[in-house]
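Spelled out, the chains give:
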Amino acid sequence: MIRHSKFNVRQFGFLLFLMLPAVILLGITIIGPLLNAISVSFQDYSLLNSEHKWNNFHNYFDILKSQDFYHSFGITLTYVAFAVGLDLLLGLGMALLLNQQIKFRTFFRSIVMIPWAIPTIVTALIFLWIYQPDFGVLNYALQSMGIIENKITWLSSFDFALGAIIVVAVFRQTPLVAVMLLAGMQNISRSLYEAAKIDGAGPLRILTSITIPLLKPVITSVTLMMIVQNFQMFTLFYTLTGGGPADATKSLAILTYEVAFERYDLGKGSAIGVIWLIVLLTFSVLFTRLMNRESHR
Amino acid sequence: MKTTTKNRLQLSSIYFILTLLLVVLMFPVYWIVNTSLQSNAALMKMPVKWFPAELDFSSYISVFTNAQFLTFYSNTLIVAAGATALCIVVAVLTGFALSRYRFPGSGMVLLILLSTQMFPAVTLVIGMYAQFREMQMLNTLFVLVLAATTTALPFSVMLMKTFFDGISKELDEAAQIDGASRLRTLFGIVVPLSLPGIIAIAIYTFLIAWDDFLFGLTLVSDLDKRTISPGLSLTYLGEFSYNWAGASAAAVVATLPLLILFMFLQRYMVEGLTAGGVKE
């Protein structure tokens, strides 16, 4: 009896030792800042003066009344839809290629991962230079091939800026998507494919009836991961266009940053942040529920 | 006979597409190296040079003699190394607890951990700014270490838990019957067996920390505490944006540690990423 309770105390002590670091870390860097952001979002909290007081949901009213928020929300949705759609489509294609019985497969697989190992800021810098209107290689190549006549200012044009950012995002993200899908594909038993081939199924049929259905759990989690990641994409927007031209690429992340740290209105900035946190959390929960329900059917 | 020609055609088209893919993926990388080895004067003269006419290393020399850049560089190294060490310790301990024990609140911890991935970093950074301002901890590298660790933690804990789940519990029990303490069991037996997983989370955390832009931009404003991403952005993308050769050389130098790390250890990274799926 005594031994037993001693054992439990020890076990509890060990468990505490194991869990305490994570609890402290999450407390300082997640829970604390989250509560802070929520409390700040209800205050007149400017970095320019030291008096902060409760302002009766004014930050929230201001945001929901102004056009800025909806504009940025729309841009973010457009960006996410295209970036994630292309990530998945190209990633799936890449994974299918790498899943073939080919020589140098490991070599190809490691090379393909390289864009992912390059820091985002460097990727942004590379593409800033490629897109550069006067001396960049993109305009030069398109002009010498006769595809365009006049130089295009990719990142400061209303028509191209968002698309140009999406291209950079897809360049950096597709390899990771491909490798994760590939990992899922390699778990599908070879015998299934052989059986399908014996039954006379063509490659397209095999793809739609075996690979994609069996890959669905992986596709689901990769999709959610990419949506969440791109929804909060900051670095590429900030470095490539800074939200311009004239707000044409001002995503929610840029809007929030700008209000909080460039207009020094931490209160309103965190109110915007809290709103899209709620949107993102709700979406994630619904998405996961929906996908789980479908796979239980 | 007919099928072999068809197969051969299929195979060669696969190689063709793969090669094309490699060219597309590697071109930007090649391009930045090509740019960094030319002088700005050469870059601003059309036509575009696909190869440097003559190798010009002056941009690299000015990067390596630029005291400010070297400060950014060493700050980033400190933050990335610190975050990696911290993340390994926390992820191993937490992953082990979640793998071996069922305790009240364990589901809650897992839920909080996973949902942190859904929290927009921009929202968190405002909260961090307000909080660390009150704690007078803004402008310290320590805050950046904490922020990077938290970013990498959810994936790392899940990965370690999966790894530990794959190591038989009977092994721990046998060790404990032999008189090893719990701590000895964890660090002497379980941890060595999960070394591939630990290497995977180490690379992952290092990459995340090295890549951080937002936290470094907002939580630190002193020049001598700046890390490389905001440093590059503020130095080269601002008023000196004509210096493409210099920016490219700095970018190559900023990427080098990651590429070296990746070349040597990518096997573990792919294994680690795959590990989660294998167990299902």
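Residues numbered from 1 in each chain as written. Chains lettered and ligands numbered in written order. Predicted model: local features only at pLDDT ≥ 70, side-chain atom pairs only at ≥ 80, totals over all residues.

## Some words on the overall build of chain A
To be explicit about the condition: Per the convention used, a helix needs a DSSP run of H or I reaching at least four residues, while a strand needs a run of E reaching at least two, with both numbered from the N terminus. Computation of the radius of gyration draws on C-alpha atoms alone. For the globule rule, the value is 2.2 Å times the number of residues to the power 0.38. Counting other C-beta atoms within 10 Å of a residue's C-beta gives its exposure: the residue is buried at 20 or more, exposed at 12 or fewer, and partly exposed in between, where C-beta atoms are placed from the backbone. Two residues qualify as being in contact provided that their C-beta atoms, derived from the backbone, are within 7 Å of each other.
Broken down by element type, chain A carries 12 helices and two strands. Taken from N to C terminus, the helices and strands of chain A fall in the order α-β-β-α-α-α-α-α-α-α-α-α-α-α. Radius of gyration (C-alpha) of chain A: 25 Å, far over the 19 Å computed for a compact globule of 297 residues. Counting only residues that meet the buried cut, chain A has 41% of its 297 residues in that class. In chain A, the share of contacts with a sequence separation of at least 24, taken over all contacts with a separation of at least 6, comes to 69%.

## Remarks on helix 9 (residues 182–193) of chain B
All names here are of chain B. We count it as follows: An expected span of 1.5 Å times one less than the residue number is assigned to each helix. Think of the arc as the fan of directions from the helix axis to the C-beta atoms.
Taking 1.5 Å as the rise per residue, helix 9 with 12 residues should run 16 Å; its terminal C-alpha atoms sit 16 Å apart, in good agreement. Listing the buried residues of helix 9 in full gives Thr-185, Leu-186 and Val-190. Angularly, the buried residues of helix 9 cover 90° about the axis, an arc narrow enough to put them on a single face. Exposed residues pointing more than 90 degrees away from the buried face of helix 9 are listed as Leu-183, Gly-188 and Pro-192. Summarising the contacts, the buried residues of helix 9 are in contact with helix 4 (67–100), helix 7 (141–165) and helix 8 (169–177).

## Here's the deal with the nonpolar core
As a reminder, the rule being used: Residues of type Ala, Val, Leu, Ile, Met, Phe, Trp, Tyr and Cys that are buried and joined through C-beta atoms within 7 Å form what is called a nonpolar core.
Of all hydrophobic cores here, the largest spans 158 residues; its most connected members are A:Leu125, A:Ile165, A:Phe234 and B:Ile201. The element that contributes the greatest number of residues to this core is helix 7 (residues 161–185) of chain A, accounting for 16 residues. In this view, A:Leu125 contacts B:Leu232, B:Ala247 and B:Ala251; residues no more than four positions away in its chain are not counted.

## Here we look at the interface of chain B and chain A
It is common to report an interface's size as the accessible area lost on association of the parts. Defined as follows: The classification used treats Ala, Val, Leu, Ile, Met, Phe, Trp, Tyr, Cys and Pro as nonpolar, Asp, Glu, Lys and Arg as charged, and all other residues, Gly among them, as polar.
Across the boundary between the two partners, chain B contributes 71 residues, which contact 70 residues of chain A. Residues of the side of chain B that touches chain A, tallied by class, amount to 51 nonpolar, 18 polar and two charged.

## Focus: unusual backbone geometry
The backbone of A:Ala246 sits at a positive phi, close to 45°, despite the residue not being glycine. C-beta crowding within 10 Å serves as the criterion here: with 10 such atoms nearby, A:Ala246 is assigned to the exposed category. Even without being a glycine, B:Asn139 presents a positive backbone phi close to 65°. Its location among the elements puts B:Asn139 in the loop between helix 6 (121–134) and helix 7. Take B:Asn139: there are 16 C-beta atoms within 10 Å of it, and that puts it in the partly exposed class.

## Comments concerning the confidence of the model for chain A
The following threshold applies: A residue's pLDDT is simply how confident the predictor is in it, with values from 0 to 100.
Summing up the model confidence of chain A, the mean pLDDT is 87 and the portion of residues at 70 or higher is 97%. Here residues 1–6 of chain A is a poorly scored stretch, pLDDT under 50, and it has zero contacts once near neighbours within four places are set aside; other chains count.

## Examining the environment of B:Met44
Residue and element names in this part refer to chain B. Within the secondary structure, Met-44 sits in the loop between helix 2 (40–43) and helix 3 (58–64). Classification of Met-44 by C-beta neighbours within 10 Å gives partly exposed; the count is 13. Each C-alpha atom of the pair Met-44 and Tyr-242 lies 9.2 Å from the other, and the pair is 198 residues apart in sequence.

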